[in-house]
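Coordinates in review
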Amino acid sequence: MEIIMELWIDVIIDSAIDSVRLLPFLFVTYLIMEYLEHKTGGKMQEMVKKAGKAGPVIGSILGVFPQCGFSAAASNLYAGRIITLGTLFSIYLSTSDEMLPIMISEKVAFPMIARVLLVKIVVGMLAGFAVDLLRHKKQEMQIEHLCEQHHCHCEQGIWKSALHHTVEIFAYIFVISLVLNLIIGYVGEDVLGSLLLNRPVVGVLAAGLVGLIPNCAASVVITQLYLSGVLGAGAMMAGLLSGSGVGILVLLRVNDDRRENFRIIAVLYAIAVVTGIVLELLGVTF
């Protein structure tokens with residue numbers, strides 16, 4: 001019993017220290033992101049609207065910049081048939097959600113971050129063009145379906161919004177670190193790593209499912225597990241590609257075609273998993 005208590009105390013202290021040291025980096029990162037969002041957010045949405053057939057190019061590039069509600073805005077724009085289905089996929093697949101600020105706060109080397117973002121851009125772009133090429137159905141504009149359900153806090157001003165995001169993600173990181181450290185403490189890092197790292201397909205399938213969770217926690221979990229050495233590069237990419245923040249949640253709410261919504265989710269998952277498996281089989285590392 002004494003050993004268990006000591007383990008719990010050590011895990012709580014280690015998790016708290018690891019999480020607290022990220023606070024200043026998280027806040028500064030979110031503050032910069034909020035400033036850029038306020039200055040360029042509307043312009044970026046206009047660019048996507050006017051992109052036309054080049055939508056997957058514009059969408060995949062803009063999607064990698066974490067900003068308040070961009071994937072949600074894309075869902076609204078697609079529900080109103082302002083953008084193509086391929087453009088929607090390009091944004092979903094390239095969206096980084098909380099991955100980028102966490103990697104920055106963890107002082108991950110820039111070349112690695114750049115490679116991860118590049119893969120997301122390329123996959124999003126190619127998938128977007130493929131979807132638009134295969135989809136022959138002409139879409140008519142349905143402005144009445146557009147709404148402002150972006151589930152963000154941009155209206156509070158950049159300081160309050162940055163603070164809100166910092167506290168929220170800090171809480172996620174602390175809880176996830178606590179759980180992960182407890183599991184590692186009980187099971188052992190080598191055993192836990194071998195369960196996923198030695199089973200690339202299983203790890204990729206599981207990570208892809210986690211990524212589909214329409215919440216910031218999904219990208220936090222995937223990124224933390226990769227940085228902890230529990231997930232391989234392919235599994236991480238599968239989770240990050242399938243993760244589109246609250247985009248899917250908004251799509252389910254604003255797009256009337258329920259069958260299409262579930263087809264979109266299924267195809268998104270399939271693209272993420274196939275990409276992850278290919279990366280694992282090729283032995284790609286970041």
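Everything quoted here is computed from the prediction, not taken from an experiment.

Reading the values: rules and limits
Residues numbered from 1 in each chain as written. Predicted model: local features only at pLDDT ≥ 70, side-chain atom pairs only at ≥ 80, totals over all residues. Heavy atoms only, no water. Helix = DSSP H or I, 4+ residues; strand = E, 2+ residues; numbered from the N terminus. Buried < 20%, exposed > 50% of the residue type's maximum accessible area, 1.4 Å probe, protein only. Areas by Shrake-Rupley, 256 points an atom, 1.4 Å probe, with all protein chains shown as cover. Core = buried A, V, L, I, M, F, W, Y, C linked by side-chain atoms within 4.5 Å. Contact = heavy atoms within 4.5 Å. Patch = residues over 30% accessible without salt bridge, like charges linked within 9 Å, V, L, I, M, F, W, Y side chains within 5 Å. Salt bridge = Lys/Arg side-chain N within 4 Å of Asp/Glu carboxyl O. pLDDT = per-residue confidence, 0-100. Phe/Tyr/Trp six-rings, centres within 6.5 Å; stacked < 30°, edge-to-face > 60°. Lys NZ or Arg CZ within 6 Å of the ring centre and 35° of its normal. Axes fitted to C-alpha atoms, helices over the stretch in contact; angles between N-to-C directions. Parallel < 35°, antiparallel > 145°, perpendicular 65-115°, else oblique. Nonpolar A, V, L, I, M, F, W, Y, C, P; charged D, E, K, R; others polar. Arc of directions from axis to C-beta. Expected span 1.5 Å × (residues − 1). Left-handed = near helix turned anticlockwise from the far one by under 90°.

Moving on to the overall build of the chain. Counting its secondary structure elements, the chain contains 14 helices and zero strands. When the elements of the chain are put in sequence order from the N terminus, they spell out α-α-α-α-α-α-α-α-α-α-α-α-α-α. For the chain, the residues scored as buried account for 49% of the 286 residues in total. Accessible area of the chain: about 13,800 Å², with a carbon and sulfur share of 69%.

Ranked by size, the top nonpolar core spans 52 residues in total, and within it Leu88, Met236, Ile264 and Phe286 carry the most contacts. Setting aside anything within four residues of it in sequence, one finds Phe286 in contact with Met112, Arg115, Val116, Val119, Tyr226, Ala233, Met236 and Met237.

Even without glycine at this site, Lys107 takes up a positive phi of about 60 degrees. Tracing the sequence through the fold places Lys107 in the loop between α6 (99-105) and α7 (110-134).

Bringing the side chain of Ser71 into the picture now. Summarising the element assignment, Ser71 is placed in helix α4 (residues 70-79). When neighbours within four sequence positions are excluded, Ser71 is seen to be in contact with Ile91, Tyr92, Thr95, Ser244, Gly245, Val246 and Gly247.

Bringing a nonpolar patch on the surface into the picture now. Taken together, the side chains of Met5, Ile9, Ile13 and Ile17 define a hydrophobic patch exposed on the protein surface, amounting to about 370 Å² of accessible area. As for its placement among the helices and strands, Ile9 is situated in helix α1 (residues 2-20).

For the rest of this paragraph, the subject is the confidence of the model for the chain. Mean pLDDT over the chain stands at 78; residues scoring 70 or higher make up 73%. Model confidence for the chain, summarised as mean pLDDT per element, is weakest for helix α9 (residues 189-197) at 58 and strongest for helix α14 (residues 258-282) at 94. Taken together, the stretch residues 143-152 has pLDDT below 50 and engages in 27 contacts with residues farther than four places along the chain or on a different chain.

Here the focus is the packing of aromatic side chains. With the rule as written, the count across this model stands at zero aromatic pairs. One residue, Arg81, lies across the ring of Tyr78, its end atom 4.3 Å from the ring centre.

A full pass over the atoms with the stated rule returns two salt bridges. Residue Glu260 is joined to Arg81 by a salt bridge in which the shortest nitrogen-to-oxygen separation is 3.4 Å. Taken as a pair, Glu260 in helix α14 and Arg81 in the loop between α4 and α5 (85-94) lie far apart in primary sequence, 179 residues in all. Ionic pairing is found between Arg135 and Glu260, a salt bridge with its closest N-O pair at 3.4 Å. Residue Arg135 is found in the loop between α7 and α8 (158-187), and its partner Glu260 is found in helix α14; the two are separated by 125 residues along the sequence.

Looking now at the side chain of Asn261. Relative to the helices and strands, Asn261 is located in helix α14. Exposure remark for Asn261: the relative accessible area of 0% places this residue in the buried category. Those residues within four positions of Asn261 in sequence are excluded, and the remaining contacts are Leu251, Leu252 and Asn255.

A separate point is the packing of α4 against α5. Here α4 crosses α5 at 170 degrees, and the two axes come no closer than 10 Å. Classified by the angle between their axes, α4 and α5 sit roughly antiparallel to one another. Packed against α4, whose contacting residues are Phe70, Ser71, Ala74, Ser75 and Tyr78, the element α5 presents Leu85, Leu88, Ile91 and Tyr92 at the interface. Here the residues of the contact of α4 with α5 are counted per class, giving seven nonpolar, two polar and no charged.

Let us look at helix α13 (residues 247-254). Along α13, the positions that sit buried rather than exposed are Gly247, Ile248, Val250, Leu251 and Val254. Axial view of α13: buried residues confined to an arc of 160 degrees, hence all on one face. Where α13 is buried, its residues contact α4, α5 and α14.

Attention now moves to α7. For α7, which comprises 25 residues, the first-to-last C-alpha distance of 36 Å matches the rise-based estimate of 36 Å (1.5 Å per residue) to within 8%. Burial in α7 covers these residues: Met112, Ile113, Val116, Leu117, Lys120, Ile121, Val123, Gly124, Ala127, Gly128 and Val131.

So, about the packing of helix α3 (residues 55-63) against α7. Contact pair α3 / α7: the axes reach a minimum separation of 8 Å and the direction vectors enclose 150 degrees. With respect to their mutual orientation, α3 and α7 come out roughly antiparallel. In terms of crossing hand, the pair formed by α3 and α7 is right-handed. Of the residues in α7, those in contact with Pro56, Val57, Ser60 and Ile61 of α3 are Ile121, Gly124, Met125, Gly128, Phe129 and Asp132. When its residues are assigned to classes, the contact of α3 with α7 shows six nonpolar, three polar and one charged.

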